[in-house]
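Listed below are the residues making up each chain.
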Amino acid sequence: MSHRTHAAAGLGAVLALAAGLSGCAGSTPAASTSATASAPADGSAPVVDGVAQVKITLTGAEDGDKCTADFATAAAGPVTFTVDNVSSTAITEVEIQSELKILGEKENLAPGLPPSTFTITMNGGQYTLYCLGATPQTQPFTVTGEAAAAPSGSTATLLNQGTKDYATWVGTQADGLKAAVADLKAAVDSGDVAKSQAAYLAARPFYEKIESDVEGFVMPGFKVDDNKGNLDYLIDMRASNLDEKVGWSGFHAVERDLWKAGKISDGTKKYAADLDTNVGKLVDVVKTLEFKPEDLANGAAALLEEVQSGKITGEEEAFSHTDLVDFHSNMEGARQAFAYLQPGLEKIDPDLMNQVVTQFGNVDDALAKLRDKTAPGGYLPWTAANREKHRKELSQAVLALQQPMQKIAEKVATAK
């Protein structure tokens, strides 16, 4: 997954796609049009259907690109942030933070793409609007009052049960990752390059499926921006976002040696051993994670953004060119998060649910055309030539899924 340090590297490719995609997709409304906005007398963000609405506009400027929120205050409860990049090429990411913990975010915000949204439930207090690349990069955001009690009732019960079942599923994937990485370490230790490459490809999907939850992949006692304790960095970082103080480790260090160097060194064995250790720590951390329904919805949407920014661009698997394997796994992770919300969403908005199901099918169809049984991982190698030929169709299919998917968080956050 990508945190702050991942985002900028993939932006150029996203910008290159934006012009072609913007004409192919309908715009996403900034807020629900099913009800009239209620404007609080205190000047805080208007409320639509029980959800405060804040629009964040990104613009280019000679004195530094600007990130402007139309309201700096909202009432406690669900808040939907709609991010519209009008003309900024410098701002790559927008986050809402609480003491550096990222509560919600949008990344790879190329100008020309439709506005995108995320919804989070916020209690009273002081928060930070962080816009990477803006002048200034941080702004205060205030939430007043207390959030209403968590919704209860048949729909809410279905959604809350879905979050518990999803947490169990994430745990099983982490356990599978641990076993697969142990196999990778054993293969690397044996010195067999071909066997190690196969083990690498077998291990990657487990991580990619749960990548939407990376903001919680932090060891106890560390903050999310400290890469020494950030397990996503230690497990999945790439050369493009190397933290010199921490050094390189994880999957992609092993990938580089197996494919670019084509040999296993003592350094490769050290990378594999460190990966094995850090995945063991991840298994322990995953057991402590708890989720709200909107976390699943935002996480699924984040995985689709990850597909656009890291997989379709070819940045993720720069040496093995097996990005489509990761693409498939990200889609499966998004599908699982959605599936655990689906029983509740069917009661809330069956039309929206059916839109998402349809668009998942369209992405499956686009990806299926790129299957290659003879290639490592079962998909065409994602070389520059194949990206040039196929990435626009894939991007359009994912974008068509992103638009209904990003509406789900607001729906489930207010379910009764």
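Model, not experiment: these values are computed from the prediction.

The next thing to look at is the side chain of N330. Examined against the element boundaries, N330 turns out to sit in helix α9 (residues 323–348). Using a relative accessible area of 0% as the deciding quantity, one classes N330 as buried. Contacts of N330, omitting those with residues within four sequence positions, involve E208, E211, L303, E306, V307 and K311.

Moving on: the pairing of strand β5 (residues 77–85). Where burial is concerned, most of β5 is hidden: 9 out of the 9 residues are buried. Bridging between strand β2 (residues 51–59) and β5 involves 7 bridges; their strand directions are parallel. Across the sheet, residue V54 finds its bridge partner in β5, namely F81. Bridging between β5 and strand β8 (residues 116–122) involves 7 bridges; their strand directions are antiparallel. Note that in β8 the partner of P78 across the bridge is T121.

In this section: the pairing of strand β3 (residues 66–69). Where β2 and β3 come together, 4 bridges link them in antiparallel fashion. Within β3, the position partnered with I56 by the bridge is A69. Remark: 6 residues form the turn of the hairpin made by β2 and β3, two consecutive strands paired antiparallel; G64 in that turn has positive phi of roughly 115°.

In this section: the sheet that holds strand β7 (residues 101–107). Overall, mixed pairing links the 5 strands, which are arranged β4-β10-β9-β6-β7 in an open sheet. Because the sheet does not close on itself, it has two edges, and the strands there are β4 (73–75) and β7. On average, each strand axis in the sheet is tilted by 25° relative to the strand beside it, whichever way the strands run. Here strand β6 (residues 93–98) runs beside strand β9 (residues 125–132); their pairing, made up of 5 bridges, is antiparallel. Following the sheet pairing, Q97 is matched in β9 by T128.

The next subject is the state of the cysteines. Working definition: the covalent bond between the sulfur atoms of two cysteines is a disulfide. Within this structure, the stated rule accounts for 1 disulfide. Here C67 is linked by a disulfide to C131, with a sulfur-sulfur distance of 2.0 Å. Of this pair, C67 sits in strand β3 while C131 sits in strand β9, placing them 64 residues apart in sequence. For the pair shown, C67 and C131 are each scored as buried.

Procedures and definitions
Residues numbered from 1 in each chain as written. Predicted model: local features only at pLDDT ≥ 70, side-chain atom pairs only at ≥ 80, totals over all residues. Heavy atoms only, no water. Helix = DSSP H or I, 4+ residues; strand = E, 2+ residues; numbered from the N terminus. Buried < 20%, exposed > 50% of the residue type's maximum accessible area, 1.4 Å probe, protein only. Contact = heavy atoms within 4.5 Å. Pairing = 2+ DSSP bridges. Axes fitted to C-alpha atoms, helices over the stretch in contact; angles between N-to-C directions. Disulfide = S-S within 2.5 Å.

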